[in-house]
Amino acid sequence: MDRESYESVKEEIKRSADIVDLVGNFVQLRKAGKNYVGLCPFHSEKEPSFTVNRERQMFHCFGCKKGGDIFAFWMAYHHCSFGEALKDLAERYQVPLPKRQLSLAEKRRLELTEAIFKANEKAVEFFHQMLVKGEGAESARAYLEKRGIVEDTIEEFKLGFAPRQWDSLAAYLMKEKVAPGVAEAAGLIILGNKGRYYDRFRNRIIFPIFDLKGRPVGFGGRVLDDGHPKYLNTPETPVFQKGSVLYGLQASYTHMRTTRKALIVEGYMDFLTLWKHGLKYGAATLGTALTPAQVRRLKGYVNEIIVVFDSDEAGRKAVLRGLPIFINEGVQARAILLPEGHDPDSFLRARGGEHFVRMVNEAAPLLDFYLNQTILGKGLGLEEKVALVKELLPSIYELKDPMLRSAYLRKIAEEVGVKESLLWQELDKEAKRRRTVAEGPYSMASGVAPARKYNRDMHLLNLLIYHPEVASGLSECQWELFLEDECTCKLIRKFFEKLKDKGAFPPEQLLEELTDERARNELREALMLPSFYDESSAKVAASDIRRKIDEIRITSSIREARERGDMEELNALLKQRAKLHKGMLL
């Protein structure tokens, strides 16, 4: 596709799409003036700084500075290249996509990604047929039947079986013309010491893992004998990152959006049992603790997350690890502790969905849950109290909000029975212990700009965006003297140049022409703000800016005249400044 065709397709997609509707599928948005705001899916926050503007068809986060158009959002949210985003959105909005010439790097990445997905699809088909019809899968079918997993569920989630043989999948993929290197990159086969490939998954029930588009990104396998590990997952691949995927989410996220809650369990069977009992707002963590990336994704659909923990010590500690993640992400989280010896699967099969739903509705907030399980009825002695405090403090230290940190320390002091001042002392020790790591290499040299309220740079930029016919006259004076920030200066110079060449233009067009990321951030933030002036006050503001520029210029000349000792020029300049202050000099 030549550049003209490429731009045509890109603009057609933009005309067909509405960024508020698109982003709203993944982030909870609420109306705020002309914008829509929500919690950012790209960084941790409790107060919404993620902003979407329908008029300009763009988004910007005032916290992490990510922003751009629908393509930028799709690339960031789905971790894909621009070419993949263009293809996905063209399909979504039914825009014909002519072929374009890809760069070599783009072509290789796209080819590998597509090849891995195709290999995974072949593997899904192979494993599923082995389970449904294959010889040697009797024990797998019997196991699933015993656990109450019916044929409809097996079909819906494409459950499978990996035969006991060392290379049954490898041979099948070879027959299907899947290159061994691709299958290895997908994590399906492993190259042995003797140069032969063998299957990663053998004698296991297979749980395909899908992304939100319904594409197989990886697999989980449960062993059927005494082999280890009990559960085995696909390793990290170009399409599978364990910490950002949740099992079953492709089927349950629409139900989460309806109920505004997510029920999180640990294992594949736990999720499937929830689904079978009509609890269709669940997801599973692939056997690991929830990560910030997973919580960030969930909060786009829900207001609260209920996590189901086992009743052992590992479950109690998992609550503690999760506490700062949920709080820092601004998500309400509650916890359910199952009776001794039960996981969600066994509990639901033994006591039914009604009892489980009652536990969900009565679930306690995470910290209350943790303290209750740790302290309740134990009559802690001095050493136990010290141990408990030391266990809690690292998690409390992770809290970013100082008011919340203080509230939690107060609660812990009351529940444990220690002085709050002692907890603060211990927290200071924790801070000192981490200080070397916490300070890190960050400085202004990192390119992070200090927070600024709307200074005069932003006022001139606002005039250019909303009143270009008024502000354009300032290009003839020494406007650079008015500005404080070099980055804004470059941005405004670009504005004036484009106004001179093209006349009035949609200001968001500049985003594609700016090469400096900080300048793009600055412009996106300015575009999200309303106009500071109406038509008449804009003219007054432009006159004030011109007068201020003259004042800065004259003041600088006065200083230079004094340094040279040129009294004649100094007197003339002082008279000019006096006239300026009286409003006589335009």
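Cut-offs applied
Residues numbered from 1 in each chain as written. Predicted model: local features only at pLDDT ≥ 70, side-chain atom pairs only at ≥ 80, totals over all residues. Heavy atoms only, no water. Helix = DSSP H or I, 4+ residues; strand = E, 2+ residues; numbered from the N terminus. Buried < 20%, exposed > 50% of the residue type's maximum accessible area, 1.4 Å probe, protein only. Contact = heavy atoms within 4.5 Å. Areas by Shrake-Rupley, 256 points an atom, 1.4 Å probe, with all protein chains shown as cover. Pairing = 2+ DSSP bridges. Salt bridge = Lys/Arg side-chain N within 4 Å of Asp/Glu carboxyl O. 1 Å grid on protein atoms, 1.4 Å probe; cavity = no way out; pocket = protein on both sides within 12 Å on 5 of 7 lines; lining within 4 Å. Points joined across faces, edges and corners; volume = space filled by probe spheres on them. Nonpolar A, V, L, I, M, F, W, Y, C, P; charged D, E, K, R; others polar. Axes fitted to C-alpha atoms, helices over the stretch in contact; angles between N-to-C directions. Domains from an automatic or database assignment. Arc of directions from axis to C-beta. Polar contact = N/O pair within 3.5 Å; in protein donor to acceptor, adjacent residues only side chain to side chain.

1. A closer look at the overall build of the chain
Part 1 of the argument: Counting secondary structure elements, the chain contains 25 helices and 16 strands.
Part 2 of the argument: With respect to the principal axes defined by its C-alpha atoms, the chain has extents near 105 × 70 × 50 Å.
Part 3 of the argument: Looking at the chain as a whole, 47% of its 586 residues are labelled buried.
Part 4 of the argument: Sequence-distant contacts in the chain: of pairs separated by 6 or more residues, those separated by 24 or more amount to 65%.
Part 5 of the argument: Accessible area for the chain stands at about 29,800 Å²; split by element, carbon and sulfur atoms hold 51% of it.

2. Remarks on the sheet that holds strand β3 (residues 50-53)
Part 1 of the argument: In spatial order, the strands read β1-β2-β3-β4-β5; together these five strands make up an open sheet with antiparallel pairing. If you trace the sheet from one side to the other, it starts and ends with β1 (30-32) and β5 (67-68), each paired once.
Part 2 of the argument: Pairing of β3 with strand β4 (residues 58-61), which is carried by four bridges, proceeds in the antiparallel orientation. In the sheet register, F50 faces β4, and the bridge partner there is C61.

3. Things to note about the pattern of salt bridges
Part 1 of the argument: Within this structure, the stated rule accounts for 33 salt bridges.
Part 2 of the argument: Its salt-bridge partner being R54, residue D21 comes within 3.5 Å of it at the nearest N-O pair. One end of the pair, D21, is in helix α2 (residues 19-24); the other, R54, is in the loop between β3 and β4, and 33 residues separate them in sequence.
Part 3 of the argument: On the accessibility criterion, D21 (48% relative accessible area) is partly exposed.
Part 4 of the argument: Taking relative accessible area as the criterion, R54 reaches 35% and is therefore assigned partly exposed.
Part 5 of the argument: The residue E304 makes a salt bridge to R334 at a minimum N-O spacing of 2.9 Å. Of the two residues, E304 is situated in strand β14 (residues 304-309) and R334 in strand β15 (residues 332-337); the sequence distance between them amounts to 30 residues.
Part 6 of the argument: Taking the relative accessible area as the measure of exposure, E304 reaches 12% and is therefore buried.
Part 7 of the argument: Residues participating in the shared-partner salt-bridge network are K10, K14, D69 and E512.

4. Regarding the layout of surface pockets
Part 1 of the argument: Taken as a whole, the largest pocket encloses approximately 1,100 Å³ of empty space.
Part 2 of the argument: What lines the largest pocket is a set of 42 residues, and nearest its centre among them are H78, H79, D211, K213 and R215.
Part 3 of the argument: Those elements that place two or more of their residues in the lining of the largest pocket are α3 (70-78), α4 (82-92), α5 (104-133), α10 (249-259) and α12 (292-298).
Part 4 of the argument: Its residues assigned to classes, the lining of the largest pocket shows 21 nonpolar, seven polar and 14 charged.

5. Focus: the sheet that holds strand β13 (residues 282-284)
Part 1 of the argument: Read across the sheet, five strands follow the order β13-β12-β14-β15-β16 without closing on themselves; strand pairing throughout is mixed. The sheet terminates laterally at β13 and β16 (364-365), the two strands that pair on one side only.
Part 2 of the argument: Relative to β16, β15 is paired through two bridges, and the arrangement is antiparallel. Bridge pairing in β16 links R334 to P365.
Part 3 of the argument: In the packing of helix α11 (residues 268-276) onto the sheet, the strands contacted are β12 (261-265) and β13, and the crossing angle to β13 comes to about 165°.
Part 4 of the argument: Strand contacts of helix α15 (residues 353-361): β12, β14 and β15, with the helix running at about 135° to β15, the strand carrying the most contacts.

6. A word on the domain arrangement of the chain
Many descriptions give the size of an interface as the accessible area lost when the pieces come together.
Part 1 of the argument: Taken domain by domain, the chain consists of domain 1 (3-93), domain 2 (105-240), domain 3 (242-377), domain 4 (380-436) and domain 5 (456-583).
Part 2 of the argument: Here the C-alpha centre of domain 5 lies 55 Å away from the C-alpha centre of domain 3.

7. Some words on helix α6 (residues 138-146)
Part 1 of the argument: Within α6, burial applies to A140, Y143 and L144. What you see down the axis of α6 is that its buried residues fit within an arc of 95°, all on one side. Exposed and facing more than 90 degrees away from the buried side of α6 are E145 and K146.
Part 2 of the argument: Its buried side turned inward, α6 meets α5, α7 (151-156), β6 (160-162), β9 (204-210), β10 (216-223) and α11.
Part 3 of the argument: Downstream of α6 by a residue or two, G148 has a phi angle that is positive, lying close to 80°.

8. Considerations on the pairing of β9
When a strand is regular, its side chains alternate between the sheet's two faces.
Part 1 of the argument: Most of β9 is tucked away, with seven of its seven residues classed as buried.
Part 2 of the argument: Neither face of β9 is open: one carries R204, I206, P208 and F210, the other I205, F207 and I209, and all of them are buried.
Part 3 of the argument: Summarising the sheet, β6 and β9 pair through three bridges and their orientation is antiparallel. For A162, the partnering residue across the bridge sits in β9 and is R204.
Part 4 of the argument: Sheet topology note: the β9/β10 ladder contains seven bridges and is antiparallel. The residue of β10 that forms the bridge with I209 is G218.
Part 5 of the argument: In this structure, the hairpin formed by β9 and β10 is closed by a connection of five residues, where G214 is found at a positive phi of approximately 80°.

9. Some words on the side chain of D69
Part 1 of the argument: One can find D69 in the loop between β5 and α3.
Part 2 of the argument: Look at D69 and you get buried, because its relative accessible area is 16%.
Part 3 of the argument: A polar side-chain atom of D69 sits 3.2 Å from a polar atom in the side chain of K14.
Part 4 of the argument: A polar contact is formed between the side chain of D69 and the backbone nitrogen of F71, at a distance of 3.0 Å.
Part 5 of the argument: Not counting the four nearest positions on each side in its chain, D69 is found in contact with K10, K14, I19, Q57, M58 and F59.

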